[in-house]
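Listed here are the chains, written in short residue letters.
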Amino acid sequence: MLGNNEVGTVQPIAEIGELLKDTDVTFHTDAVQAYGVLPIDVEALNVDLLSVSAHKLNGPKGIGFLYQRKGTPLSPILFGGEQERKRRAGTENVPAIAAFAKAVEISLATMDERAAAYSNYKQIFKSVLTNEGIEFSENGGNQMPHVLNLSLPGIDIESFLVNLDIAGVSASSGSACTAGSIDPSHVLVAMFGEKAEQLRNSIRFSFGIGLTEQQITEAAQKTAQISKRLALL
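Residues numbered from 1 in each chain as written. Predicted model: local features only at pLDDT ≥ 70, side-chain atom pairs only at ≥ 80, totals over all residues. Heavy atoms only, no water.

### Some details on the overall build of the chain
To keep things clear, this is the line we draw: Counting from the N terminus, the helices are DSSP H or I runs at least four residues long and the strands are E runs at least two residues long. Note on definitions: a residue-residue contact is assigned when non-hydrogen atoms from the two residues lie within 4.5 Å. Residues scored as charged are limited to Lys and Arg (positive) and Asp and Glu (negative), so that His and the chain ends carry no count. A charge is said to be at NZ when it belongs to Lys, at CZ for Arg, at CG for Asp and at CD for Glu.
Of regular secondary structure, the chain possesses 8 helices and 6 strands. In sequence order, the chain lays out its α and β elements as α-β-α-β-β-α-α-β-β-α-α-α-β-α. In terms of principal-axis extent, the alpha carbons of the chain reach across some 65 × 35 × 30 Å. Partitioning the intrachain contacts of the chain with sequence separation of at least 6 by distance along the chain shows that 61% fall at a separation of at least 24. Positive and negative charge centroids in the chain, built from 19 and 26 side chains respectively, lie 4 Å apart.

This is the structure in structure tokens:
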């Protein structure tokens, strides 16, 4: 995974790729969370395969692409389809492909602008919490600009999320992939251990297009108010 979807950490894919470059190991990276947010060069990363999804760029859901380095073997799951060079069966979703291409075009043209905005949102959010006297620590390091995962001592994540939802603040205790799961985040378990406090008091915020500094400030203020209220219970 190039950029972790829960804590935002950018993984050392290029360094791993360098180690594998002269071996017969096929190296794939999931770049879904990072694509359109970070510059990506498959040559610099030394990857053989790289996967991406359009919805992370505000493109249509259900469309993505797989980069395949020339000569890298693939084994199809669904057989047939000469138009797909026998890599898969089925007819291409041309409207979704075209929309994905347009989303990529817009994303690449605005990457620096959005990265700066998201980094600013992150700083605003943390500054509001600090000014409100909220104790917190940031989970992860070397992060992408649009993911913020915080540990707030003294709160229980389930009641915290319910209160945030009532207040109109969208957040999560992990990735969307694990929505509905009662198990603790495997990412946080790997980082802190199976009995760590962070498993019960960590919350994930992420930023995207369409947000404003005012909205970020209001979300942070509501987060601070709820944190203070729950800490008294």
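Now that the structure has been shown, we can carry on.
### Structural notes on the sheet that holds strand E3 (residues 64–68)
Quick note on the threshold: By the convention used here, strands pair only if DSSP detects at least 2 bridges between them. For helices, the fitted line uses only the C-alpha atoms of the stretch in contact; every axis is such a line through C-alpha atoms, and the angle between N-to-C directions lies from 0 to 180 degrees.
Judged by pairing direction, the sheet is mixed, and its 3 strands sit side by side in the order E1-E2-E3 without closing on themselves. Only two strands of the sheet have a single partner each, and these edge strands are strand E1 (28–30) and E3. In this sheet, adjacent strand axes meet at a mean angle of 15° when their direction is disregarded. The sheet contact formed by strand E2 (residues 49–53) and E3 spans 5 bridges and is antiparallel. Its bridge partner lying in E3, Val-52 is registered against Phe-65.

### Focus: unusual backbone geometry
Excluding glycine, a negative phi dihedral is what most residues carry, and trans is how most peptide bonds are arranged. With phi around 65°, Asn-58 is a residue other than glycine that occupies positive phi space. Structurally, the position occupied by Asn-58 is in the loop between E2 and E3.

### Things to note about the packing of helix H4 (residues 111–131) against helix H8 (residues 213–231)
Spelled out, the test is: Crossings are classed by handedness, with left-handed meaning an anticlockwise turn of the near helix from the far one by less than a right angle and right-handed meaning a clockwise turn. Throughout this entry, Asp, Glu, Lys and Arg are counted as charged residues, while Ala, Val, Leu, Ile, Met, Phe, Trp, Tyr, Cys and Pro are counted as nonpolar. The remaining residues, Gly among them, count as polar.
Packing of H4 against H8 leaves a shortest axis separation of 9 Å and a crossing angle of 35°. Here the hand of the crossing between H4 and H8 comes out right-handed. Facing Asn-120, Tyr-121, Ile-124, Phe-125, Val-128 and Leu-129 of H4, the residues of H8 in contact are Glu-213, Ile-216, Thr-217, Ala-219, Ala-220, Gln-221, Thr-223 and Ala-224. Taken together, the residues that form the contact of H4 with H8 break down as 9 nonpolar, 4 polar and 1 charged.

### Comments concerning the layout of surface pockets
Inclusion rule: Of the two site types, the cavity is a set of points on a 1 Å grid over the protein atoms alone where a 1.4 Å probe fits but cannot get out, and the pocket is an open set with protein on both sides within 12 Å along at least five of seven lines, each lined by residues with an atom within 4 Å of a point. Grid points are joined across faces, edges and corners, and a volume is the space filled by probe spheres set on the points.
One number sums up the size of the second largest pocket: a volume of about 720 Å³. Together, 20 residues line the second largest pocket, and Gly-64, Phe-65, Leu-66, Glu-84 and Arg-88 are the ones closest to its centre. For the lining of the second largest pocket, the elements supplying multiple residues, two or more each, are E3 and helix H3 (94–109). Residue contributions to the lining of the second largest pocket peak at 4 residues, all from E3. For the lining of the second largest pocket, the class distribution of residues is 9 nonpolar, 6 polar and 5 charged.

### Notes on the side chain of His-146
Note the cut-off: Under the rule applied, a polar contact is a pair of N or O atoms within 3.5 Å (in protein, one hydrogen donor and one hydrogen acceptor; residues adjacent in sequence only if both atoms are side-chain atoms).
Here His-146 is to be found in the loop between strand E4 (137–138) and strand E5 (147–151). Only 3.1 Å separates the side chain of His-146 from the side chain of Gln-33, close enough to count as a polar contact. Once you skip the residues sitting within four places of it in the chain, His-146 turns out to touch Gln-33, Val-37, Tyr-118, Phe-205, Ser-206 and Phe-207.

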